[in-house]
Every structure is written in structure tokens, then in C-alpha cells.
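# Coordinates in review
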Amino acid sequence: MPLVLLPPEPAKADTESLVAALKKNREWFDQMIIKNSAVLLRGFNVKNAEDFNEIVEACGWEDIRYIGHAPRTHIFKRIWTANEGPLSEFIYYHHEMVLFKENPKKVILFCEVPPPEGGETPFVPSFRVTERMLEEFPEEVEEMEKKGLMYTFTAPSTNNTSSMRGRGWQEAFGTPDPAEAERRVKAMGMDVEWLPDGGLKTIICPRSLMRVFEGRKGRRMWYNTVVGMHGKEISSATMADWTDIPNHVVKRCGQILNEESIQFKWEKGDVLFFDNMALLHGRRPSLPPRKVLVATCK
Ligand SMILES: [Fe+2]
């Protein structure tokens, strides 16, 4: 993992024939992603956001608009920058948009500028985390599963670009109007609380601990973000009835995520498709420059 697809004749590789091949083999390609969890297209001479957008559109999946707290910039049609938070920081493992009702089935990344050092995109097979947590903490997992989970997250009053999760609520929810932001948050099945400093606290409850998705061998995915949000200054994760999730359980889960992670190292022009239902992903710290673009699909 990932499954690597290379051009049959590297010297003649070009985006145009790649796009034609993708259009012709849509179903097969979709199956390859589900079967392997990730597919890499390497050596196709993909140069920029325009090329990348054509590849994304060739696959035929509908776009899903990113909602969340990561600072991102729109580049071209369906293409955005990946999280622009400081490269020196590790972006913790997550399923994309895991807390929202609707989340992307596919995440597609394109490497325009590979970092000189570091900056790998780690992947974690989600079902492995569930298996290992059940082995070590069967009772705690059962309790969390039965009760469900509750998260809180605070978006600041204005953008803070020095933080990876520093998107102000206006941008995170796409409106400068507090009433409209509140309406949008609620429409996504969350509750809101305005803080004295103008920040917007969202309360997300109940959410499941694990999920099983069609076509993924009945595997139970660790489809939550407990480790990423538990006990932080701007976020929390508890059971849905406010029961604490024990520290040692969260800590051990973090170690398991690390142990199960697979490091993916970027080369210029790589296009990587992954199954967001099956894999958690993150970003390792790197030296600048690093430019990775993203598209998310239903
Ligand atoms: Fe992500």
C-alpha cells in the first residue's frame, strides 16, 4: 500500500493519455482504490493544479466541499491547498471530516513541490486500530461504543494562520454573519456556544466510535478522533454522557496509531488517491518548501 500505477512508456507519459485512461476505466479504478485503500499514480508528468483538476474530473466522482478548521486556499476549480498550517508541526492522524454527517469517500492529493526533507504523509489502516484496541481494552471500547462520544471544538474569532487548526469561524463556516454561522453549524448536527472572546464553540454529539462501511469486508473502522481532540486547550473528547475517557486508554491508542502507520514519501508529480473510509492520514513535519494540493470527493 499504496498500489503504484506507472505509465507503460515513461518517456511518452503525459496527462492527456492518463486522463483518457481514467475515463475509460472508471469502475476498475474505483475498485482498485477500495481494494488497496490507496493508489498512487507516479511518473505521469502531472505539472500543476490545472492538470490535477482534469485528473480529478476524469474519475467522475462528485465534489464535496471541505468544511473544517484547517487553513486552506482555493486554487483552481476543485483544487485546494492541503492544510497550510506550519510545516514544522505534525498534523495528527484523522479521517477527513470525520465529525460531519457527510464526509468524503475519496481524498486525492497531488505533490507539486516535494519537501527537501520529511513531510511524509502517513497512513493508518483504520480497522487495525480497532482490532488492537479491542485486544487491549475490550471493556473501555465497549463502553465508548455503547454510550457514544461527545466532542467540543473552539474556532477562534479571527483567523490564526500560525495554528493548524486556527481557522476563524467565519472561514470555517463560510460566512461573516454569526446567525448564519450558527444555522450552518446546527444544520450539520452540532450545537453552538458563543464565547466571551468572540470564539465559537461547537458541541458535537453523539458520534460513534467505530463504523462499518459497505464493501470494506465488514471491517470495523476506528472512525473517530478521540486521540486528536482529547484533553486539548481548544478541544475535548468524552463519552456522550460526559464520562471521561481514561487518559491511559487515549495515550495507548495514540501509540497504536503510530505503530500501525505507514510512511508515504512524496515525489514531484505524484497523484495519490485514498479511501477515506479505510485509512487515517496525517502529515509529518518537514523543511520548506512543500506544496501538496487536494481534492475531496463523494
Ligand atoms: Fe486531512
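Refer to the preceding data block for the structure.
Residues numbered from 1 in each chain as written. Predicted model: local features only at pLDDT ≥ 70, side-chain atom pairs only at ≥ 80, totals over all residues. Heavy atoms only, no water.

## So, the sheet that holds strand β10 (residues 200–207)
- Judged by pairing direction, the sheet is antiparallel, and its 4 strands sit side by side in the order β9-β10-β8-β13 without closing on themselves. Lying at the two open borders of the sheet, with one neighbouring strand each, are β9 (190–194) and β13 (235–239). Averaged over all neighbouring strand pairs, the angle between strand axes comes to 20°, with direction disregarded.
- Summarising the sheet, strand β8 (residues 149–155) and β13 pair through 5 bridges and their orientation is antiparallel. Bridge pairing links Leu-149 to Met-239 in β13.
- Across the sheet, helix α7 (residues 178–187) lies against β9 and β10, angled at about 150° from β9, the strand it touches most. (Pairing = 2+ DSSP bridges. Helix = DSSP H or I, 4+ residues; strand = E, 2+ residues; numbered from the N terminus. Axes fitted to C-alpha atoms, helices over the stretch in contact; angles between N-to-C directions. Contact = heavy atoms within 4.5 Å.)

## Looking at the coordination of the iron ion
- Bound to the iron ion on the protein side are His-94 (NE2), Glu-96 (OE) and His-281 (NE2), at distances that span 2.1 Å.
- Note on His-281: relative accessible area 7%, which makes it buried. (Donors = N, O, S within 2.8 Å, 3.2 Å for Na, K, Ca; no water. Buried < 20%, exposed > 50% of the residue type's maximum accessible area, 1.4 Å probe, protein only.)

## Here we look at helix α9 (residues 247–259)
- With 13 residues, α9 extends 19 Å between its outermost C-alpha atoms, agreeing within 8% with the 18 Å of an ideal straight helix rising 1.5 Å per residue.
- Turning to α9, its buried residues are Val-249, Val-250, Arg-252, Cys-253, Gly-254, Ile-256 and Leu-257.
- On its buried face, α9 sits against β5 (91–94), β7 (121–125), α4 (126–136), α5 (138–147), α8 (226–229) and β16 (279–283). (Expected span 1.5 Å × (residues − 1).)

## Remarks on the environment of Arg-167
- Along the chain, Arg-167 turns up in the loop between β8 and α6 (169–172).
- Classification of Arg-167 as buried rests on a relative accessible area of 5%.
- C-alpha of Arg-167 to C-alpha of Lys-186: the two residues are 19 residues apart in sequence and 19 Å apart in space.
- Every residue in contact with Arg-167, bar those within four places of it in the chain, is listed here: Tyr-66, Gly-68, His-69, Ala-70, Pro-71, Arg-72, Ala-155, Pro-156, Asn-159 and Ala-172.

## Quick notes on the packing of helix α1 (residues 15–24) against helix α3 (residues 49–59)
- Two elements in contact, α1 and α3, have axes separated by 8 Å at closest approach and are oriented at 15°. Taken together, the axes of α1 and α3 lie roughly parallel to each other. Taken as a pair, α1 and α3 cross one another with a handedness that is right-handed. On α3, the residues touching Thr-15, Leu-18, Val-19, Leu-22 and Lys-23 of α1 are Asp-51, Glu-54, Ile-55, Ala-58 and Cys-59.
- Taken together, the residues that form the contact of α1 with α3 break down as 6 nonpolar, 1 polar and 3 charged. (Parallel < 35°, antiparallel > 145°, perpendicular 65-115°, else oblique. Left-handed = near helix turned anticlockwise from the far one by under 90°. Nonpolar A, V, L, I, M, F, W, Y, C, P; charged D, E, K, R; others polar.)

## A word on the nonpolar core
- Core analysis: the largest hydrophobic core is formed by 49 residues, its most contacted members being Val-129, Met-133, Tyr-151, Trp-222 and Leu-257.
- It is α9 that contributes the most residues to this core, 5 residues altogether.
- When sequence neighbours within four positions are dropped, the list of residues in contact with Tyr-151 reads Leu-99, Thr-202, Ile-203, Ile-204, Arg-207, Asn-224, Thr-225, Val-226, Met-229, Ser-236 and Ala-237.
- Judged by nonpolar contacts, the second largest core, of 25 residues, contains Ile-33, Leu-41, Phe-52 and Val-271. (Core = buried A, V, L, I, M, F, W, Y, C linked by side-chain atoms within 4.5 Å.)

## As for the sheet that holds strand β14 (residues 262–264)
- If you trace the 4 strands from one edge of the open sheet to the other, you get β5-β16-β7-β14, paired in antiparallel fashion. A strand with exactly one partner marks an edge of an open sheet, and here the two such strands are β5 and β14. The mean inter-strand angle of the sheet, taken between neighbouring strand axes irrespective of direction, is 20°.
- The strands that α4 touches are β7 and β16; relative to β7, the one it contacts most, it runs at about 55°.
- Here α9 sits on the sheet and contacts β5, β7 and β16; the angle it forms with β5, its principal contact strand, is near 90°.

## Here's the deal with α3
- Within α3, 8 of the 11 residues are buried, which leaves it mostly tucked inside the rest of the structure.
- Within α3 the residues assigned to the buried category are Ala-49, Asp-51, Phe-52, Asn-53, Ile-55, Val-56, Ala-58 and Cys-59.
- Just beyond α3, the residue with positive phi is Gly-60, at close to 85°.

## Description of the side chain of Arg-42
- Relative to the helices and strands, Arg-42 is located in the loop between β2 (38–41) and α3.
- Polar side-chain contacts of Arg-42 include one of 3.4 Å to the side chain of Glu-267. (Polar contact = N/O pair within 3.5 Å; in protein donor to acceptor, adjacent residues only side chain to side chain.)

## A few points about the environment of Lys-298
- By the element assignment, Lys-298 lies in the segment after β17 (291–297).
- According to the relative accessible area criterion, Lys-298 is partly exposed, its value standing at 32%.
- Each C-alpha atom, one on Lys-298 and one on Lys-105, is 5.3 Å from the other, the two residues being 193 residues apart in sequence.
- When neighbours within four sequence positions are excluded, Lys-298 is seen to be in contact with Trp-61, Glu-62, Asp-63, Ile-64, Glu-102 and Lys-105.

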